[in-house]
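A look at the structure
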Amino acid sequence: MRSNGSGYSTKVLSLAVFLSLAGSGALRSQERDEPIEPLFNWDLVSLEQNNQRFNGSALTGFHSIRSAGVTPLGGWKMGLGFLYTGEEQFVRSVGDSLFRRNQVYLNPKMNLGLFENMEFGAGLVAAYANGRELLTDEAGEGFFENREEGVLSSVDLGMKWKVYDDRQLRLALSFDTRLSLNEDTFGMLPGNFYNIELDGDYAVTSRLSMAGNLQFLTSDSDELENQFILDVAAVYSFTNTFRGMLFSTIQEDDLARTFLGFIGFAGQYVHKQHAFTLSFDIQLNDADRAIRTEEQIDIALSYTYAF
C-alpha cells in the first residue's frame, strides 16, 4: 500500500496559496470601491456535470461546483453528461487481493427557468460497472465474485432558488433527489438519495470568482445515512468563451469513518448556444471500507445546448 500523506500536504498547500492570492485580490478590489460584475453570464449556458459525489444533477453549475445563479425565466437547457470513475481497491481479508473497479455513467438532463429566481431540472442516469463484489459463504468465509452490470441507475430531480444577488455576491438554496431504479444491482445507486445545499459565489474581479457549496446528503440506504460535503473553487474566465476552475472537495464518509479529500480542475468552452465541459479529479486519501479504495480518478465530459 502507498502513503499519500506527502502528496496530499503538497496539494493542500498549493491550494491554500492560490486561495490566499485570490483573497488579497478581493481586498484590493474593495479598496478601490469599484463595482465588479462578471465578464460573462455563464449561467445562460451551464448545466452541472456528473460527479462521483452527486452524479446526475441537472441544475445550473460547473462540474461539482453548483452556481448560485439560475436559468433565466423562460429559458431552458438540454445536456448529456458522461462520467468515468476508476478505483484501485484492496482487501486484506481475502488473500490480500488488489483489483480495479470501473464505472461509467451516462446522464441525459433538462433544465427549465420557470420563475424569476427559480429553476427546475430532471435527468436520467444509465450506469455500467465492472469489478469484484465481496460476499460471504454459508461457513462465514469471505470470497470474491467478479461482477459486470449495465442498467438504468436512477431518476434525478432538482430545484434551485436564488435568494440573493447583487451581481458581485450571490447566494442560492438547492434541493435534489435521486430515485434509485435498480438498487440491488452491482454498481448502481444503493437507495434513494436526498440533498440540501447552500450555494454561493463572489466576484473578486470581472474574471476571477470564488465559489463554494455546503451540502447535507441523506438516504434510505444502509450504506449512507447522513453526510456533509464541502466544495470550494476558484473560477477564472480567460475570455467570454472559455473559463477554467481549480476545485477541492471534503466529503464525510460513514463507511470509511473519515473525511475524504478530492482535488481537480475543469475547463468549459462556449460557442453560441453550445457549451462543452471537461474535468479531472483525484481522491487524495484512502477510503478504508470493507473494500479499501486506495486510489480514485474521475474524468467527466458534458455537452449543453441552451434555448
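Quick note: structure is the one above.
Now for a quick tour of the structure. Residues take numbers from 1 onward in each chain, read along the sequence in its written order. Thresholds applied to this predicted model are a pLDDT of at least 70 for local features of residues and 80 or more for the giving and counting of side-chain atom pairs; totals over whole chains, interfaces and linings are not thresholded and use all residues. Calculated side-chain values reflect all of the structure's heavy atoms, with hydrogen atoms and water omitted.

1. Concerning unusual backbone geometry
This is how the line gets drawn: Helix and strand definitions here come from DSSP, where helices need a minimum of 4 consecutive H or I residues and strands a minimum of 2 consecutive E residues; each element is numbered from the N-terminal end.
You will see that His-63, though not glycine, has its phi angle at about 55°, which is positive. Here His-63 shows up in the loop between strand 1 (61-62) and strand 2 (65-66). A positive phi is found at Arg-167, a non-glycine position, where the angle reads about 75°. Structurally, Arg-167 is set in the loop between strand 6 (142-165) and strand 7 (169-180).

2. Focus: a negative patch on the surface
Cut-off, in case you're wondering: A patch consists of residues whose relative accessible area exceeds 30% and which take part in no salt bridge; residues with like charges are grouped when within 9 Å of each other, and nonpolar side chains (Val, Leu, Ile, Met, Phe, Trp, Tyr) when within 5 Å. Using a 1.4 Å probe, the Shrake-Rupley method yields the accessible areas, and only the shown protein chains count as cover for residues. Should a side-chain nitrogen of Lys or Arg be within 4 Å of a carboxyl oxygen of Asp or Glu, the pair is scored as a salt bridge. Working convention for charge: Lys and Arg count positive, Asp and Glu count negative, and His plus the chain ends are omitted. Here the site of a charge means atom NZ of a Lys, CZ of an Arg, CG of an Asp or CD of a Glu. Residue exposure (1.4 Å probe, protein chains only): buried if accessible area is under 20% of the type maximum, exposed if over 50%, otherwise partly exposed.
A cluster of acidic side chains, namely Glu-183, Asp-184, Asp-220, Asp-222, Glu-223, Glu-225 and Asp-254, defines a negative patch on the protein surface. Inspection of the secondary structure puts Glu-183 in the loop between strand 7 and strand 8 (193-203). Glu-183 gets classed as partly exposed once you look at its relative accessible area, which sits at 40%.

3. Some points on the nonpolar core
Operational definition: Among the buried residues, those of types Ala, Val, Leu, Ile, Met, Phe, Trp, Tyr and Cys that are joined through side-chain atoms within 4.5 Å form a nonpolar core. Two residues qualify as a contact provided that any one of their heavy atoms is within 4.5 Å of a heavy atom in the partner residue.
Phe-62, Ile-65, Ala-211, Ala-233, Val-235, Met-245, Phe-247 and Ala-266 form the largest nonpolar core, which has eight residues in total. Broken down by secondary-structure element, the contributors of at least two residues to this core are strand 10 (224-237) and strand 11 (242-253). In this structure, Ile-65 is in contact with Ala-211, Asn-213, Asp-231, Val-232, Ala-233, Met-245 and Phe-247, ignoring residues within four places of it in sequence.

4. Digging into the pattern of salt bridges
This model, assessed by the stated rule, comprises 10 salt bridges. Measuring nitrogen to oxygen at the nearest pair gives 3.8 Å for the salt bridge that ties Glu-37 to Arg-167. With Glu-37 in the loop between helix 1 (5-32) and strand 1 and Arg-167 in the loop between strand 6 and strand 7, the pair connects residues that are 130 residues apart, well separated along the chain. A residue is classified by how much of its surface remains accessible, and Glu-37, at 46% relative accessible area, is partly exposed. Each of Glu-48, Arg-66, Asp-176 and Glu-197 takes part in a single network of salt bridges with overlapping partners.

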